[in-house]
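So you can see what is in the structure, the chains are spelled out below.
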Amino acid sequence: MNRSELHQLLVADLGLTPEPAMPAAACTYFLGEVQWHPARSTRTARVFYGPDGVPVRLQLCASSDNNNTVLLQLPLERQQLVSAVRAEIELVERRLARAMDAAGGGG
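Note that the structure is predicted; figures quoted are calculated from it, not measured. (Residues numbered from 1 in each chain as written. Predicted model: local features only at pLDDT ≥ 70, side-chain atom pairs only at ≥ 80, totals over all residues. Heavy atoms only, no water.)

A.B. asks: What exactly am I supposed to notice about the packing of helix H1 (residues 3-13) against helix H2 (residues 78-102) here?
C.D. replies: Helices that pack against each other are described as a pair by the angle of their axes relative to one another and the distance between those axes. It is the contact of H1 with H2, at a shortest axis distance of 12 Å, that shows an interaxial angle of 45 degrees. Viewed along their axes, H1 and H2 adopt a mutual orientation that is oblique. As for how H1 packs across H2, the hand of that crossing is right-handed. In contact with Leu6, Leu9, Leu10 and Asp13 of H1, H2 contributes Arg78, Leu81, Val82 and Val85. In terms of residue class, the contact of H1 with H2 is made up of 6 nonpolar, no polar and 2 charged. (Axes fitted to C-alpha atoms, helices over the stretch in contact; angles between N-to-C directions. Helix = DSSP H or I, 4+ residues; strand = E, 2+ residues; numbered from the N terminus. Parallel < 35°, antiparallel > 145°, perpendicular 65-115°, else oblique. Left-handed = near helix turned anticlockwise from the far one by under 90°. Contact = heavy atoms within 4.5 Å. Nonpolar A, V, L, I, M, F, W, Y, C, P; charged D, E, K, R; others polar.)

A.B. asks: Can you help me understand the environment of Glu19 in this one?
C.D. replies: Note that Glu19 resides in the loop between strand E1 (16-18) and strand E2 (26-31). Exposure remark for Glu19: the relative accessible area of 13% places this residue in the buried category. Spatially, the C-alpha atom of Glu19 lies 24 Å from that of Arg98, the residues being 79 residues apart in sequence. Apart from the residues within four sequence positions on either side, Glu19 is in contact with Ala26, Cys27, Thr28, Phe30, Val34, Trp36 and Arg46. (Buried < 20%, exposed > 50% of the residue type's maximum accessible area, 1.4 Å probe, protein only.)

A.B. asks: Explain the sheet that holds strand E4 (residues 55-60) here, please?
C.D. replies: Backbone-to-backbone hydrogen bonds pair the strands of a sheet. The strands run either parallel or antiparallel. Taking strand neighbours across the sheet as the criterion, the 5 strands line up as E1-E2-E3-E4-E5 in an open arrangement whose pairing is antiparallel. At either margin of the open sheet sits one strand with a lone partner, and together these are E1 and strand E5 (71-73). Neighbour to neighbour, the strand axes of the sheet diverge by 25 degrees on average, direction disregarded. Relative to E2, E1 runs antiparallel, the two sharing 3 bridges. Counterpart to Leu16 in the pairing with E2 is Leu31. The sheet contacts of H1 involve E1, E2, strand E3 (43-49) and E4, and relative to E1 the element is tilted by about 130 degrees. (Pairing = 2+ DSSP bridges.)

The following block contains the structure:
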């Protein structure tokens, strides 16, 4: 999967939002709005590109809390990639729900 195809998968198919600035070496994707604050972070995945612009690694950001970086070597089969990103989306959603509950906004 090339850079454009991977970007399309993450944005159009999985509903993630890319960071506004897309550096050549990496791009971070967020669930919904771009939110960096640790308590409200929506950071979900970060794609790292080789010197030739080909995606080489995917960091699973929700699973990488507490300095336990989770990196997947690319390329992966499409279904493996989709499953990994969907699992990260679920982790982000659960963490955000817990934070909302703790703040008294969870109904």
